[in-house]
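Geometric and topological summary
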Amino acid sequence: MLTQERRELILELLNQNGSVSVNQLSAMYNTSESTIRRDLVALSNLGKLNRVHGGATVLSQEFLKAEDSIEAKSLKNVDQKLMIAEYAASIINDNDFVFIDAGSTTYLMTTFIKEGSKASFVTNGIAHAKELAQKGCRVFVVGGELKETTEAIIGLVAAGNLQKYNFSKAFIGANGISEKQGFTTPDTDEAMLKAVAIERSFASYILCDATKFNKVSAVSFASLDSACIITDKCNDDKIKEKTVVKEVVQ
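My aim in this report is to walk through the structure given alongside it, one point at a time. Keep in mind it's a predicted model, so treat the numbers as computed, not measured. The residue numbers shown here count from 1 along each chain, following its written sequence. With the structure being a predicted model, the display of local features is reserved for residues of pLDDT at least 70 and the display and counting of side-chain atom pairs for 80 or more, all residues being used for whole-chain, interface and lining totals. Heavy atoms throughout the structure, all of them, feed into the side-chain values; hydrogens and water do not.

**A few points about the pairing of strand β10 (residues 167–173)**
- Burial analysis of β10 places 6 of its 7 residues in the buried class, the great majority of the element.
- A pair of strands is considered paired only if DSSP assigns at least 2 bridges between the two. Secondary structure elements follow DSSP: runs of H or I of four or more residues count as helices, runs of E of two or more count as strands, with numbering from the N terminus. Where strand β5 (residues 97–100) meets β10, 3 bridges bridge the pair, whose relative direction is parallel. For isoleucine 100, the partnering residue across the bridge sits in β10 and is phenylalanine 171.
- Alignment of β10 against strand β13 (residues 201–207), held across 6 bridges, turns out to be parallel. Along β13, the bridge assignment pairs phenylalanine 171 with tyrosine 205. Only protein chains enter the accessibility calculation, which uses a 1.4 Å probe. A residue is then buried if its area is under 20% of the maximum for its type, exposed if over 50%, and partly exposed in between.

**Side note on the sheet that holds strand β15 (residues 219–222)**
- One open sheet holds the 3 strands; their spatial order is β11-β12-β15, and the pairing between them is antiparallel. At either end of the open sheet lies a strand with only one pairing partner, and these are β11 (176–178) and β15. With strand direction ignored, the average angle separating the axes of adjacent strands in the sheet is 40°.
- Alignment of β11 against strand β12 (residues 182–185), held across 3 bridges, turns out to be antiparallel. Considered in β12, the bridge of glycine 176 is made with threonine 184.
- In this description, contact between two residues means that some pair of their heavy atoms is separated by no more than 4.5 Å. An axis is simply a line fitted to the C-alpha atoms; with a helix, the fit covers only the stretch in contact. Between two such axes, the angle follows the N-to-C directions and lies from 0 to 180 degrees. Across the face of the sheet, helix α9 (residues 188–199) comes into contact with β12 and β15 while running at roughly 10° to β15.

**Quick word on helix α1 (residues 3–17)**
- Its 15 residues give α1 an end-to-end C-alpha distance of 21 Å, which sits within 8% of 21 Å, the value for a rise of 1.5 Å per residue.
- Here α1 has its buried residues at Arg6, Ile10, Leu11, Leu13 and Leu14. Buried residues of α1 fall within an arc of 165° about the axis and therefore sit on the same side. Those residues of α1 that are exposed and angled more than 90 degrees off the buried face are Gln4, Asn15 and Gln16.
- Next to the buried residues of α1 lie β1 (19–21), α2 (22–28), α3 (33–45) and β3 (55–57). Multiply 1.5 Å by the residue count of a helix minus one, and that product is the helix's expected span. Regarding the arc, it is the one traced by the directions from the helix axis to the C-beta atoms.

**Re the pattern of salt bridges**
- Between Lys or Arg on one side and Asp or Glu on the other, a salt bridge is scored when a side-chain nitrogen of the former is within 4 Å of a carboxyl oxygen of the latter. This structure, assessed with the given rule, holds 10 salt bridges.
- Across the pair arginine 37 and glutamate 33 runs a salt bridge whose closest N-O atoms are separated by 3.4 Å. Remark: glutamate 33 and arginine 37 occur in helix α3; sequence separation between them is 4 residues, near one turn of the helix.
- For glutamate 190, the salt bridge is made with lysine 147, and the minimal N-O distance between the two is 2.9 Å. Of this pair, glutamate 190 sits in helix α9 while lysine 147 sits in strand β8 (residues 145–147), placing them 43 residues apart in sequence.
- Under the relative-accessibility criterion, glutamate 190 is labelled buried at 7%.
- A single salt-bridge network, built from bridges that share partners, covers Arg6, Arg7 and Asp39.

**A few points about α3**
- For α3, spanning 13 residues, the distance from its first C-alpha to its last is 18 Å, which sits close to the expected 18 Å at 1.5 Å a residue.
- Along α3, the residues classified as buried are Thr35, Ile36, Asp39, Leu40 and Leu43. All buried residues of α3 fall inside an arc of 140° around its axis, so they share one side. For α3, the exposed residues lying more than 90 degrees away from the buried face are Arg38 and Asn45.

**Some thoughts on the sheet that holds β5**
- Across the sheet, 7 strands lie side by side as β7-β6-β5-β10-β13-β16-β17; this open sheet has parallel pairing. Each end of this open sheet is capped by a strand with a single partner; those strands are β7 (138–141) and β17 (245–247). In this sheet, neighbouring strand axes are inclined to one another by 20° on average, regardless of whether the strands run parallel or antiparallel.
- On top of the sheet, helix α6 (residues 104–112) reaches β5, β10 and β13; it is set at about 130° to β10, its chief contact.
- Helix α7 (residues 126–134) contacts β5, β6 (120–123) and β7 of the sheet and is inclined by roughly 160° relative to β7.

If you want it as structure tokens, here you go:
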């Protein structure tokens, strides 16, 4: 068996069982324990697993070290994001006063909002505001600093502007979701705005695809119980115990 093939099988077994032992893998693949240990070291160095005494365990969390541009985000997991976005748009009523956060999934959400919706909208996303305005919606843009990579308006001024509003619903993006750290994002200024929006909203929703679970970014902006999650799929029962999770797989 080729080294790469064996290592892929090790990861597959690890994802299924949560943990593996050197003895177990050595017997399964008819390979020496020293070879298996080298495999586990190599996979650990690649960030694929956690090495422990006598074997390995699955990574429970991944720390996000960088943030993609809005262009890169818009190309990832498009089908899942479309399902999430469509459902999120469907729960907006004509009498709602809504905050929509900047982000790729929240932008897709604006494309599903009906022409001439009687709801009122506040957003810190430039593209989001344009889309809503073109649909004939009443939309307010938060003032503040424009972040080029995400096309989001952020910072103290923007957060201060949000303090005067009381939203019936807020739709927020997140880079990572985990049981202990809650909802996270890489940017302190963006985190501040998200936190204020959730605080000022009667009901808050985090829009995220399944790849965001058990990921942690630099700044926590809310605990799990502060918002419902709209996602395509969530396999983490601990997260489901702490908040409402709406799965929209079709």
